[in-house]
Amino acid sequence: MAIKRSSDSPDPDRAYKTNRSKQSSYEVTLLSPQANTQETENNEAKIRPQKLADYIGQKKLKGILNMAIAAAKDRADPLDHLLLYGPPGLGKTTMSLILAAEMGVDCKITSAPALERPRDITGLLVSLKPGDIIFIDEIHRLNRMTEELLYPAMEDFRLDVTIGKGQTAKTRSIPLPPFTLVGATTKAGALSSPLRDRFGIIQRLRFYELDELTLIVKRTAEILQASITEAGAIEIARRSRGTPRIANRLLRRVRDYVQVEKVATITEELAAIAMNLFDVDAQGLDWTDRLVLNTIIKQFNGGPVGLEAIAAATGEDGKTIEEVYEPYLLQNGYLSRTHRGRTVTAKTYRHLGYQPQESEPQQTELL
Ligand code: ADP
């Protein structure tokens with residue numbers, strides 16, 4: 001079976017613009033890894049890497065996918081279904097679009113909340129051409145009916161639809177062209193096992209290292225025609241919480257700053273001044289991060305303290321603290337989670353200018 005891009009091949013990001021309701025209930029701040037509407041609609045397409053070779057970092061993932069692409073092309077088959085998991089902003093959508101480009105097929109982008117009714121997923125499946133890729137973001141949030149329609153579709157490229165109601169209801173099978181499902185999730189553990197088992201490749205995306213983020217900042221600066229020094233790029237990378245989306249967002253804000261200041265090049269010093277102005281400190285913590293950590297230290301003696309108590313004391317929403325702020329603080333050792341609640345660490349005391357406490361919590365829950 002030949003896999004070709006159709007002649008009316010749409011802009012791969014078009015589906016992204018129209019189909020993905022990615023906005024979460026909480027506010028997207030400068031340092032939150034979720035996309036905001038303006039980014040998804042206007043800017044991301046321009047700076048997304050288009051080829052595997054331009055996709056920086058995630059070496060292991062790239063190696064595995066390179067091999068899968070070569071094998072699938074050799075057999076003239078579509079790629080295996082692929083599950084990508086990891087925090088937002090690390091490049092799951094980008095990788096899906098790259099896979100489609102490398103395979104010469106289209107990629108339809110959607111998310112679980114946009115697939116509420118059975119006809120949402122059936123409509124998508126019947127519109128596929130051989131080899132096409134469907135990208136479903138937040139796939140752990142699919143409802144049961146949609147999930148059950150996906151099982152035979154993924155396994156046998158078959159859509160089972162029920163026509164009529166009650167006793168006269170009949171099930172009809174509609175053959176589908178072979179396709180690849182790329183699922184993305186922040187919570188691999190929340191996926192049902194029948195769905196997880198239908199993915200041939202399951203891969204985790206990791207936070208990026210400083211040198212990788214520096215390359216990403218330099219690459220984006222070149223695309224945006226912003227002049228930046230190596231040290232300037234490192235300064236932005238350092239404050240980007242291991243996340244390309246945040247690195248690109250910070251770069252844009254810093255670029256605005258130097259433009260208003262009528263300076264030609266982003267230097268280390270200017271980048272630092274601009275980001276301090278936006279309240280992003282040298283380690284990539286913002287005002288709310290510091291508020292949460294300071295509150296635990298001052299009001300709860302460093303912890304352990306429950307999420308609800310932190311939310312009440314800071315006036316922030318508990319879910320926002322848990323989903324937006326905590327992952328980075330946990331990952332980078334500013335917070336630890338014990339069975340009795342959240343505790344700050346010696347690193348937190350040092351970073352915020354306090355004298356570290358004598359003892360540190362012993363039991364840390366693995367995440
Ligand atoms: P996710 O789907 O995981 O939320 P995206 O794929 O939308 O993340 O990536 C967010 C932004 O970060 C994209 O606009 C892209 O330009 C950039 N990006 C992500 N991963 C990489 C990478 N490996 N190399 C370069 N840029 C990247």
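We now turn to the structure provided with this report. (Residues numbered from 1 in each chain as written. Predicted model: local features only at pLDDT ≥ 70, side-chain atom pairs only at ≥ 80, totals over all residues. Heavy atoms only, no water.)

Some remarks on the overall build of the protein
So, step 1. When its secondary structure is counted, the protein shows 15 helices and 11 strands.
So, step 2. Contacts in the protein between residues far apart in sequence, at least 24 positions, make up 71% of those at least 6 positions apart.
So, step 3. Of the roughly 17,800 Å² of accessible surface on the protein, 49% is carried by carbon and sulfur atoms. (Helix = DSSP H or I, 4+ residues; strand = E, 2+ residues; numbered from the N terminus. Contact = heavy atoms within 4.5 Å. Areas by Shrake-Rupley, 256 points an atom, 1.4 Å probe, with all protein chains shown as cover.)

Comments concerning the site of the ligand
So, step 1. In the region of the ligand, 19 residues are neighbours, and Ile56, Gly89, Thr93, Thr94 and Arg245 sit closest.
So, step 2. In this structure, an oxygen atom belonging to the ligand sits 2.8 Å away from a main-chain N or O atom of glycine 89.
So, step 3. Take arginine 245: an N or O atom from its side chain is 2.8 Å from an oxygen atom of the ligand.
So, step 4. For the shell around the ligand, the elements supplying multiple residues, two or more each, are α2 (37–47), α4 (92–103) and α10 (244–260). (Near = heavy atom within 4 Å. Polar contact = N/O pair within 3.5 Å; in protein donor to acceptor, adjacent residues only side chain to side chain.)

Examining the environment of valine 258
So, step 1. Within the secondary structure, valine 258 sits in helix α10.
So, step 2. Distance from valine 258 to leucine 270, taken between C-alpha atoms, is 7.3 Å for residues 12 residues apart in sequence.
So, step 3. In contact with valine 258, not counting residues within four places along its chain, are Val263, Ile266 and Leu270.

Concerning the nonpolar core
So, step 1. By size, the foremost hydrophobic cluster in this structure holds 53 residues, and its most contacted members are Met95, Leu99, Ile228, Ile236, Leu251 and Ile266.
So, step 2. Residue contributions to this core peak at 7 residues, all from α10.
So, step 3. Filtering out sequence-adjacent residues up to four positions away, leucine 99 remains in contact with Leu65, Ile69, Leu79, Leu82 and Ile133.
So, step 4. Ile121, Leu128, Ile134 and Leu142 belong to the second largest nonpolar core, which has 24 residues in total. (Core = buried A, V, L, I, M, F, W, Y, C linked by side-chain atoms within 4.5 Å. Buried < 20%, exposed > 50% of the residue type's maximum accessible area, 1.4 Å probe, protein only.)

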